[in-house]
Amino acid sequence: MIAAAASSLLADLLGSSTGLVEVARTAVSVHYETGRADVPVLCVCVPTAVRLPNAVVTSVLPRSGLRVVPGGLSGDADSWRVGRWWQPPRPMNRTPAQRASLDLDPSALVGRGPGLTPSGDDEVAGALVAAHATGDPRLDAWCSATRDALLSRRTTAVSWGLLHHALEGWATPELAAHVDEACTGHRGPAFERLLTVGHTSGRALAEGVAHVVATRPSMREEA
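Residues numbered from 1 in each chain as written. Predicted model: local features only at pLDDT ≥ 70, side-chain atom pairs only at ≥ 80, totals over all residues. Heavy atoms only, no water.

1. Details of the overall build of the protein chain
Counting its secondary structure elements, the protein chain contains eight helices and nine strands. Computed over C-alpha atoms, the radius of gyration of the protein chain comes to 17 Å, within 12% of the 17 Å expected from 2.2 N^0.38 for 223 residues, which places it in the range of a compact globule. Reported as C-alpha extents along the three principal axes, the dimensions of the protein chain are approximately 55 × 35 × 30 Å. Here the protein chain holds 223 residues, and 51% of them are scored as buried. Relative to all contacts within the protein chain whose residues are 6 or more apart in sequence, the contacts with residues 24 or more apart total 66%. (Helix = DSSP H or I, 4+ residues; strand = E, 2+ residues; numbered from the N terminus. Rg over C-alpha atoms; globule rule 2.2 N^0.38 Å. Buried < 20%, exposed > 50% of the residue type's maximum accessible area, 1.4 Å probe, protein only. Contact = heavy atoms within 4.5 Å.)

So this is what it looks like as structure tokens:
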């Protein structure tokens, strides 16, 4: 039995029994469709991976045949028991030093770009999380447009899961830290850490935040 730590967003899913369909695999994560509306995609990842809000973190990735069993996961060769729960970050009640009012059109962005999470999806996710955090009045319209775009399922399964949780303001630690930092009006260490996420994801997420919160470059960038 392999130990695992699971996002609290997965509590209902991991308290049931259901089959999973593998839809994507990287060196540090495996992603599964669940067939559920509340958690459409489950991510199983190692500790060095970006911790998505829908992740189970463990030292050993599943090889094949994964299914959910009460309290954990079971595969063809191994089983995982959830010994610890963690809460994904969700920035709330933030007041930006300076608001931004850049236009955002989720219907044109969702699914745009290559990769497990297309850059257009990352941009929308960044804007949604920042809008939730700051109470941006455009949030409802952006959420509605994003849900309509997802109904056509014109993006990857991994990105579908990311946007599903971003619609409620849930974020990765890197994105949440950048939103907090951006609300001070400056870009600094959290911005630099966000840029290390994926090949293009970090910068696209930051571009999404910039639709909501205006920042100045760090002193190092200005030099």
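2. Examining the sheet that holds strand β4 (residues 29-33)
Ordered in space as β2-β7-β8-β9-β1-β6-β5-β4-β3, the nine strands form an open sheet in which the pairing is mixed. The two strands at the open ends of the sheet, each matched to only one other strand, are β2 (18-19) and β3 (21-25). As paired elements, strand β7 (residues 67-69) and strand β8 (residues 72-74) share three bridges and run antiparallel to each other. Each bridged residue has a counterpart across the sheet, and for Val-68 the counterpart in β8 is Leu-73. (Pairing = 2+ DSSP bridges.)

3. Some details on unusual backbone geometry
Of note, the phi angle at Asn-93 is positive, near 55°, even though the residue is not glycine. Tracing the backbone shows Asn-93 in the loop between β9 (79-86) and α1 (106-109). According to the relative accessible area criterion, Asn-93 is exposed, its value standing at 72%.

4. Some points on the pattern of salt bridges
A pair can form between side chains of opposite charge whenever their charged atoms are brought close. A complete count under the given rule lists six salt bridges for this structure. A salt bridge links Arg-94 to Asp-180; the shortest N-O distance between them is 2.6 Å. With Arg-94 in the loop between β9 and α1 and Asp-180 in helix α5 (residues 173-182), this residue pair connects regions lying 86 residues apart in the sequence. Residue classification places Asp-180 among the partly exposed positions, given a relative accessible area of 32%. Between Asp-136 and Arg-138 there is a salt bridge, with the nearest N and O atoms lying 2.9 Å from each other. (Salt bridge = Lys/Arg side-chain N within 4 Å of Asp/Glu carboxyl O.)

5. Side note on helix α7 (residues 201-209)
Residue pairs three or four apart in sequence face the same way in an α-helix, which turns once every 3.6 residues. A large share of α7 lies buried, amounting to seven of its nine residues. On its buried side, α7 packs onto α2 (119-134), α5 and α6 (189-195).

6. Description of the packing of aromatic side chains
If you walk through the whole model with that rule in mind, you get zero aromatic pairs. One Lys or Arg, Arg-90, reaches over the ring of Trp-170 and ends 4.7 Å from the middle of that ring. The side chain of Arg-187 reaches across the aromatic face of Phe-191, ending 4.8 Å from its centre. (Phe/Tyr/Trp six-rings, centres within 6.5 Å; stacked < 30°, edge-to-face > 60°. Lys NZ or Arg CZ within 6 Å of the ring centre and 35° of its normal.)

7. A closer look at the pairing of β3
The pairing of β3 with β4 spans four bridges and is antiparallel. Opposite Ala-24, over in β4, you have His-31 as the bridge partner. Hairpin connection between β3 and β4: a loop of three residues separates the two successive antiparallel strands.

8. What about the pairing of β4?
Within β4, four of the five residues are buried, leaving the element largely enclosed by the surrounding structure. In the sheet, β4 pairs with strand β5 (residues 41-45) via five bridges, with the strands oriented antiparallel. Along β5, the bridge assignment pairs Tyr-32 with Leu-42.

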